[in-house]
Amino acid sequence: MKVSYMTVYDPPNPSCPIHGACLQRSTCAKCNAAYMRRYLKVQRRVTPAVALHSRARQRAARRGLPFDLDVSDVVVPSICPALGVPLVIGEMRSPNSPSLDRIRPALGYVRGNTRVISDQANRLKGALDIEGLIKRAVASVDQRREDYARLAAYLDRELLLAEVRRKAALEGRAGEEWAKVANFLEAAFVRADWKR
């Protein structure tokens, strides 16, 4: 007897309220919607970067923000670089779901200005700058104070890394040396995230 186990990659088969499991996508909008719900659910689990990229592109178009990201620019870590919590991929939206953060919100979704962090971190950060995060940390208590302090540290290091990357784009020897510093800082930040 063969036992079949459902994995996170095998959501239930789509079904239409009119046609059931025999989908007729070309003629029935409800069949097509059921199919697309299942397809997108699988995509969020298998390729979360594609889903984050697609939603960011839609938000940028809706809000009139610049957008020049490729899917390869969206790197989903296993640990949130802002709060140090594990990211939960492919489940229902939760505080630990991955979310694409605009480090400087006014710049939009452009290379060097985005990072995948937890949904909770992104909601707490919002459009605040370092000073705003520090003020919120001082005014908050307990866990919220610690979260705002971590977000301020995260934003501070991301702004430092953005400045170093800008200098790394310079021509000649100076740019090469700044590129080495940028690579070193990036690796150091990733190691620090893993130690939390």
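These lines cover the structure that appears in this document, whether it is placed above or below. Since the model is a prediction, treat every value here as computed from it, not as a measurement. Throughout this description, residue numbers start from 1 for each chain and increase along the sequence as written. Totals for whole chains, interfaces and linings use all residues, but because this is a predicted model, local features are given only for residues with pLDDT of at least 70 and pairs of side-chain atoms are given and counted only at 80 or more. For side-chain calculations, the full set of non-hydrogen atoms in the structure is used, while hydrogens and water are omitted.

Comments concerning the pattern of salt bridges
At step 1: Any carboxyl oxygen of Asp or Glu within 4 Å of a side-chain nitrogen of Lys or Arg constitutes a salt bridge here. Summed over all chains, the structure comprises 14 salt bridges.
At step 2: In this structure, Asp119 and Arg93 form a salt bridge, with 3.0 Å as the shortest nitrogen-oxygen distance. On the criterion of sequence distance, the pair formed by Asp119 in helix α3 (residues 119-125) and Arg93 in the loop between α2 (48-63) and β1 (98-102) is long-range, its members being 26 residues apart.
At step 3: Burial classes: relative accessible area under 20% of the type maximum marks a residue as buried, over 50% as exposed, and values in between as partly exposed (1.4 Å probe, protein chains only). Residue classification places Asp119 among the buried residues on the basis of a relative accessible area of 7%. Runs of H or I in DSSP of at least four residues are treated as helices and runs of E of at least two as strands, each being numbered from the N terminus.

Comments concerning the packing of aromatic side chains
At step 1: The criterion for an aromatic pair is that two Phe, Tyr or Trp rings (for Trp, the six-membered ring) have centres within 6.5 Å, with stacked assigned to planes under 30 degrees apart, edge-to-face to planes over 60 apart and tilted to the rest. Overall, the coordinates contain one aromatic pair when judged by the stated rule.
At step 2: Summarising the aromatic geometry, the rings of Phe67 and Tyr109 are spaced 6.4 Å apart at their centres and angled 55° between planes, so their arrangement reads as tilted. Of this pair, Phe67 sits in the loop between α2 and β1 while Tyr109 sits in the loop between β1 and β2 (114-118); the two residues are 42 residues apart in sequence, bridging distant segments of the chain.
At step 3: Phe67 gets classed as partly exposed once you look at its relative accessible area, which sits at 25%.

Considering the side chain of Arg59
At step 1: Looking at the element boundaries, Arg59 is found in helix α2.
At step 2: Charged residues are defined narrowly, with Lys and Arg counted positive, Asp and Glu counted negative, and His plus the chain ends left uncounted. Despite its burial, Arg59 remains without a salt bridge, the nearest opposite charge being carried by Asp119 at 8.2 Å.
At step 3: Note on definitions: a residue-residue contact is assigned when non-hydrogen atoms from the two residues lie within 4.5 Å. Among all residues touching Arg59, those that are not within four sequence positions of it are Leu100 and Tyr109.

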